[in-house]
Amino acid sequence: MTPEDRRVVFSHREIAAIIKGITQEDGTEAPITGKSLGEAILFVSEEAATSSSSAHVIYGANESLSYTDCLSIYRDYGAALRAGSH
């Protein structure tokens, strides 16, 4: 992911996103909804347990971010994303 790619994703941080690929304690996977793209990146990067490496974030018109994409954006914009979260 280029610096420009990360900047573009960050600029869309307020749009709705869905987190997929997080396994629950009972072994099932349920999409996590109701988060903005910024919140989803924070969740995958900070809050998700070790199973987050299989997580991906879906947003916009068929756009998606892998776990490593989320970490890359988090490295550049983590403080700004935390400051914007409620």
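Scroll up a little and you will see the structure.
Only a predicted model underlies this, so the values are computations on that prediction, with no experimental measurement involved. Residue indices follow the written sequence of each chain, beginning from 1 at its first position. The model is predicted, so local features are restricted to residues of pLDDT at least 70 and side-chain atom pairs to those at 80 or more, both for listing and for counting; the totals for chains, interfaces and linings are taken over all residues. Side-chain figures throughout are based on the complete set of non-hydrogen atoms in the structure, without hydrogens or water.

Caption draft 1: Region of the structure containing the side chain of S72. By the element assignment, S72 lies in helix α3 (residues 67-84). At a separation of 3.2 Å, a polar atom in the side chain of S72 contacts the side chain of R6. Here, two residues are considered to be in contact whenever any of their heavy atoms come within 4.5 Å of each other. Apart from the residues lying within four places of it in its own chain, the contact partners of S72 are M1 and R6. Put simply, DSSP H or I for four residues or longer makes a helix, DSSP E for two residues or longer makes a strand, and each gets a number counted from the N terminus. Under this definition, polar contacts are N or O atom pairs within 3.5 Å; protein pairs additionally need one hydrogen-donor-capable and one acceptor-capable atom, and for neighbouring residues in sequence, both atoms have to be side-chain atoms.

Caption draft 2: Region of interest: the sheet that holds strand β3 (residues 56-59). Only strands that DSSP links by at least two bridges are regarded as paired with each other. Spatially, β2-β1-β3-β4 is the arrangement adopted by the 4 strands of the open sheet, whose pairing is antiparallel. The open sheet has two edge strands with one neighbour each: β2 (32-36) and β4 (63-66). If you compare each strand with its neighbour and ignore which way they point, the axes differ by 30° on average. Relative to β2, strand β1 (residues 16-20) is paired through 3 bridges, and the arrangement is antiparallel. Here the axes come from fitting lines to C-alpha atoms, over the contacting stretch only for helices, and the angles between their N-to-C directions go from 0 to 180 degrees.

Caption draft 3: Examining the packing of helix α1 (residues 3-11) against α3 more closely. Between α1 and α3, the shortest axis-to-axis distance is 10 Å and the interhelical angle comes to 40°. Handedness of the α1/α3 crossing: right-handed. Seen from α1, the contacting residues are R6, R7, V9 and F10; seen from α3, they are S72, I73, D76, Y77, A80 and L81. Tallied by class, the residues present in the contact of α1 with α3 amount to 6 nonpolar, 1 polar and 3 charged. Handedness of each helix crossing follows the sense of rotation of the near helix against the far helix: counterclockwise by less than a right angle gives left-handed, clockwise gives right-handed. Classification convention: Asp, Glu, Lys, Arg as charged; Ala, Val, Leu, Ile, Met, Phe, Trp, Tyr, Cys, Pro as nonpolar; all other residues, Gly among them, as polar.

Caption draft 4: Main features of the packing of aromatic side chains. Aromatic pairs are defined between Phe, Tyr and Trp rings, using the six-membered ring for Trp, whenever the two ring centres lie within 6.5 Å; interplanar angles under 30 degrees are classed as stacked, those over 60 as edge-to-face, and all others as tilted. Per the stated rule, a full pass over the model turns up 1 aromatic pair. Ring geometry for F10 against Y77: centres 4.2 Å apart, planes inclined by 10°, an arrangement best described as stacked. In this pair, F10 is assigned in helix α1 and Y77 in helix α3, connecting sequence segments 67 residues apart. Over the ring of F10 we find R13, and its NZ or CZ is 4.0 Å from the ring centre. Only lysine NZ and arginine CZ atoms are considered, and such an atom sits over a ring when it is within 6 Å of the ring centre and within 35 degrees of the ring normal.

Caption draft 5: Summary view of the pattern of salt bridges. Only one rule defines a salt bridge in this text: a Lys or Arg side-chain nitrogen within 4 Å of an Asp or Glu carboxyl oxygen. Counted by the stated rule, this structure contains 3 salt bridges. Between R7 and E4 there is a salt bridge, with the nearest N and O atoms lying 2.7 Å from each other. In this pair, R7 and E4 are both assigned in helix α1, 3 residues apart and thus about one turn of the helix distant. Note on exposure labels: buried denotes an accessible area under 20% of the residue type's maximum, exposed denotes more than 50%, and partly exposed covers the range between, all computed with a 1.4 Å probe on protein chains only. A residue is classified by how much of its surface remains accessible, and R7, at 39% relative accessible area, is partly exposed. We classify E4 as partly exposed; its relative accessible area is 44%. Among the salt bridges present, the one from E46 reaches R82, with a minimum N-O distance of 3.0 Å. Separated by 36 residues along the polypeptide, E46 in helix α2 (residues 37-47) and R82 in helix α3 bring together distant segments of the chain. For R82, a relative accessible area of 38% corresponds to the partly exposed category.

Function cannot be read off these values alone, since they describe shape.
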